[in-house]
Amino acid sequence: MPITIITGAQWGDEGKGRAVDWLAASADVVARFGGGDNAGHTLYVGDDVFKLHLIPSGILHDRAVNVLGNGMVINPVNLLKEMDTLAALGLDVSPERLKVSTRAHLITPAHIALDAAKEQKLGENAIGTTLRGIGPAYLDKAGRNGIRAGEMRDLEVFGDKLHAAIRAANQTLSAMGQPLLNADEVTPPLLQAAERLRPYLTDTARYINRRLREDRAQILCEGAQGTLLDVDHGSYPFVTSSNPSTGGALIGLGFGPTHVNRVIGVAKAFSTRVGGGPMPTELDIEDGDPAETAVARHLRGTGANFWDEFGTTTGRPRRVGWLDAVMLRYSCDVNGYTDLALTKLDILSGLDELKIAYAYELDGERLDYPPANADDIARARPVYETLTGWSEDVSAIRRYHKLPEEARYYIRRVEELCGVSAIMVSVGPERDQLIVRD
Ligand code: IMP
């Protein structure tokens, strides 16, 4: 069974790009199945830093064909920018290497304006979206008003649809007291993008199923965001508008579950979150007690390094906290992980003690699973176990048994609490800073 699915087990930014990059070397096809350019995967290859938002990480390998699946929402102008940046770095982004689903939905300037207007209206209850138009694009998809990538094939019809979409958005923007969009200004870049993207348009579900049938291709499905941001399984409404968990891969690419043999959950060795919404193990980086603030600063970093906890897409500082094994266990259930990939273990070096939340207290009850309601999650108090830290720099270690005993114990506790083994541990940003276990 040739399909591997990789998804984020937390609130996104787990380092999925690293895990995908590691497996992409032996993949025939690497496919994104959901989200859009709200995602940001940073990859370090030698002296080069690649920031990918839409294109799967398989583009950095010679062999893999890269697919943008039907479950995605794609900003055509930003896709072209990304393609041009990669081409300028010498990568092959020809239609032989990159295929865009005709069924994927397009993000237009109308969606971006509506995203910003809605966030502004929500004020202090804002979701803290990436302002890429993701929610409004999925809303149009579900409301059967969307424009699909395949419609870029006929420029005249595409132009008409864009104008109609902008007229409709202007009605909403006007009711919200927001500035209106000028269709004659905002549509030409999309029409130009459509012209260039036409050779890339493919029935990708058909392509994937043909590759599965005819040459037993190895297919790697690259998740974006994370399970805890899933519109069904996350802390609704503080979620994205798609299904970044494993089930989303089947719908977002169009294959059946019988092809899947491996499901890998990528989890950071601690917790981070960007945007609003509850995060039970969050550490107060500004006003906590000095010890808490110091740990939070240690986990976030200063922003001086690419590896620090600042968003790849938005540059926003990420909220940080101890590892939340209650959430991680829930993610393992929702996704059916066969393996975990634990990232950024190196960041924990130098902390005297480490904490892992293994339960919550809520209204006098002890819970070993997260409540469904965001307000309840916000009220839940984490119950921690404390582990001894390690001081050694682990970033040069490549063999599991060479890790300090305390680090191995930390990993073992995560595995025990979640019931899933960690097959890969990353200890630094470079491609080779990985420990792969037998
Ligand atoms: P949206 O996907 O832009 O609508 O944002 C909804 C929520 O998901 C916000 O809290 C974002 O910060 C979060 N989010 C979206 N994409 C990512 C991602 O790739 N990494 C981490 N958080 C994300």
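Structure: above.
Here the structure is a predicted model, which is why all the values come from computation and not from measurement. Throughout this document, residue positions are counted from 1 along each chain, in the order its sequence is written. The predicted origin of the model limits local features to residues at a pLDDT of at least 70 and limits the giving and counting of side-chain atom pairs to 80 or more, whereas totals for whole chains, interfaces and linings rest on all residues. Just so you know, side-chain values use all the structure's heavy atoms and leave hydrogens and water out.

> Tell me about the overall build of the protein chain, and please be specific about residues and values.
A count of helical and extended segments in the protein chain gives 12 helices and 20 strands. When we talk radius of gyration, it's over C-alpha atoms, and the globule rule is simply 2.2 Å times the number of residues to the 0.38. Against the compact-globule benchmark of 22 Å for 438 residues, the protein chain has a radius of gyration of 22 Å, which places it among compact chains. Seen through its C-alpha atoms, the protein chain measures out along the principal axes to roughly 65 × 55 × 40 Å. Working definition: with a 1.4 Å probe on protein chains only, accessible area under 20% of the residue-type maximum means buried, over 50% means exposed, and in between means partly exposed. Per-residue burial over the protein chain gives 57% buried out of 438 residues. A run of H or I in DSSP becomes a helix once it reaches four residues, and a run of E becomes a strand once it reaches two; helices and strands are each numbered from the N terminus.

> Outline helix H5 (residues 155–175), supporting the account with residue identities and numerical values.
The span expected for a helix works out to 1.5 Å for each residue beyond the first. The end-to-end C-alpha separation of H5 is 30 Å, in line with the 30 Å expected for 21 residues at 1.5 Å each. Restricting attention to buried positions, one finds in H5 the residues Phe158, Gly159, Leu162, Ile166, Ala169, Asn170 and Leu173. The buried side chains of H5 occupy one side of the element, clustering within an arc of 115° when seen end-on. Counted as exposed and oriented over 90 degrees from the buried face of H5: Glu156, Asp160, Arg167, Gln171 and Ala175. Contacts are residue-level and defined by heavy atoms, with any inter-residue pair within 4.5 Å sufficient. Here the buried face of H5 lies against strand S8 (105–106), helix H3 (109–122) and helix H6 (183–197). The definition of a polar contact used here is a pair of N or O atoms within 3.5 Å, where within protein one atom must be able to donate a hydrogen and the other to accept one, and adjacent residues in sequence count solely through side-chain atom pairs. At the N-terminal end of H5, a side-chain oxygen is found 3.1 Å from the backbone nitrogen of Glu156, two or three residues along, and the residue is Asp154. Trailing H5 by a residue or two, Gly177 shows a phi angle of about 70°, which is positive. The directions considered for the arc are those from the helix axis to the C-beta atoms.

> Explain the site of the ligand residue by residue, including any values.
We define proximity as follows: a residue is near a molecule or strand when any one of its heavy atoms falls within 4 Å of that partner. Neighbouring residues of the ligand: 17 residues in total, closest Asp13, Asn38, Thr130, Thr240 and Val274. Separating an oxygen atom of the ligand from a side-chain N or O atom of Thr130 is a distance of 2.5 Å. Using a 1.4 Å probe, the Shrake-Rupley method yields the accessible areas, and only the shown protein chains count as cover for residues. For the ligand, whose free accessible area comes to 470 Å², the fraction covered by protein is 97%. Residues were grouped as follows: Ala, Val, Leu, Ile, Met, Phe, Trp, Tyr, Cys and Pro as nonpolar; Asp, Glu, Lys and Arg as charged; and all remaining residues, including Gly, as polar. Tallied by class, the residues present in the shell around the ligand amount to seven nonpolar, eight polar and two charged.

> I'd like a rundown of the nonpolar core, residues and numbers included.
Residue types Ala, Val, Leu, Ile, Met, Phe, Trp, Tyr and Cys, when buried and joined through side-chain atoms within 4.5 Å, form a set referred to as a nonpolar core. Of all hydrophobic cores here, the largest spans 60 residues; its most connected members are Phe255, Leu345 and Tyr410. In terms of residues, this core owes the most to one element, helix H12 (residues 405–418), which gives six residues. An automatic or database domain assignment supplies the residue ranges for each domain. Here this core gathers at least three residues from each of two domains, domain 1 (3–102 + 200–266) and domain 3 (267–436). If you look at the next biggest cluster of nonpolar residues, it comprises 30 residues, including Ile59, Val93, Val100 and Ala104.

> Provide a residue-level description of the sheet that holds strand S20 (residues 434–436), including the pertinent values.
DSSP calls a pair of strands paired once it identifies at least 2 bridges connecting them. In space, the 10 strands of this open sheet follow the order S9-S7-S5-S2-S10-S1-S11-S15-S19-S20, with mixed pairing throughout. The open sheet has two edge strands, strand S9 (201–202) and S20, and neither has a second partner. Sheet topology note: the strand S7 (residues 98–101)/S9 ladder contains two bridges and is parallel. Bridge pairing in S9 places Val100 opposite Leu201. Relative to the sheet, helix H1 (residues 16–24) contacts strand S1 (3–8), strand S2 (29–32), strand S10 (219–222), strand S11 (260–268), strand S15 (339–343), strand S19 (422–426) and S20, its axis offset from that of S1 by approximately 165°. The convention used is that axes are lines fitted to C-alpha atoms, helices contributing only their stretch in contact, and that angles between N-to-C directions extend from 0 to 180 degrees.

> Can you break down H12 residue by residue, with the values?
Between its first and last C-alpha atoms H12 spans 20 Å; for 14 residues at 1.5 Å apiece the expected length is 20 Å, and the two agree. On its buried face, H12 is in contact with strand S14 (323–324), helix H10 (325–335), S15, strand S16 (353–362), strand S18 (381–388) and S19. Phi turns positive one or two residues past the end of H12, at Gly419, with a value near 75°.

> Go over the pattern of salt bridges with me, naming the residues and quoting the values.
Two side chains of opposite charge can pair, provided their charged atoms sit close to one another. Salt bridges are counted wherever a side-chain nitrogen of Lys or Arg sits within 4 Å of a carboxyl oxygen of Asp or Glu. Applying the stated criterion to the full structure yields 22 salt bridges. Linking Asp28 and Arg63 is a salt bridge whose minimum nitrogen-to-oxygen distance equals 2.7 Å. Remark: Arg63 occurs in the loop between strand S4 (48–52) and strand S5 (65–68) and Asp28 occurs in the loop between H1 and S2; sequence separation between them is 35 residues. Take Asp28: its relative accessible area is 15%, and that puts it in the buried class. Residue Arg63 is classed as partly exposed on the basis of its relative accessible area of 47%. Among the charged side chains, a network of salt bridges with common partners joins Asp13, Lys268, Glu309, Arg318 and Lys344.

> Tell me what's going on with the pairing of S16, and back it up with residues and numbers.
Relative to S16, S14 is paired through two bridges, and the arrangement is parallel. Residue pairing for S16: Leu323 is matched across the bridge by Ile356. Bridge analysis of S16 against S18 gives eight bridges, and the strand direction is antiparallel. The residue bridging Glu353 from the neighbouring strand is Thr388, located in S18. By the bridge criterion, three bridges tie S16 to strand S17 (residues 365–367) in an arrangement that is antiparallel. Within the sheet, the bridge partner assigned to Leu362 lies in S17 and is Glu365.

> Lay out a negative patch on the surface in plain terms, naming residues and giving numbers.
Taken together, the side chains of Asp284, Glu286, Asp287 and Asp289 present a region of like negative charge at the surface. Take Glu286: it is sitting in the loop between strand S12 (271–273) and helix H9 (290–300). With relative accessibility at 55%, the residue Glu286 sits in the exposed group. Nonpolar side chains (Val, Leu, Ile, Met, Phe, Trp, Tyr) within 5 Å and like charges within 9 Å form the patches, drawn only from residues with over 30% relative accessible area and no salt bridge. Positive charges come from Lys and Arg, negative ones from Asp and Glu, while His and the chain ends are left out of the count. Every charge is mapped onto a representative atom, which is NZ of Lys, CZ of Arg, CG of Asp or CD of Glu.

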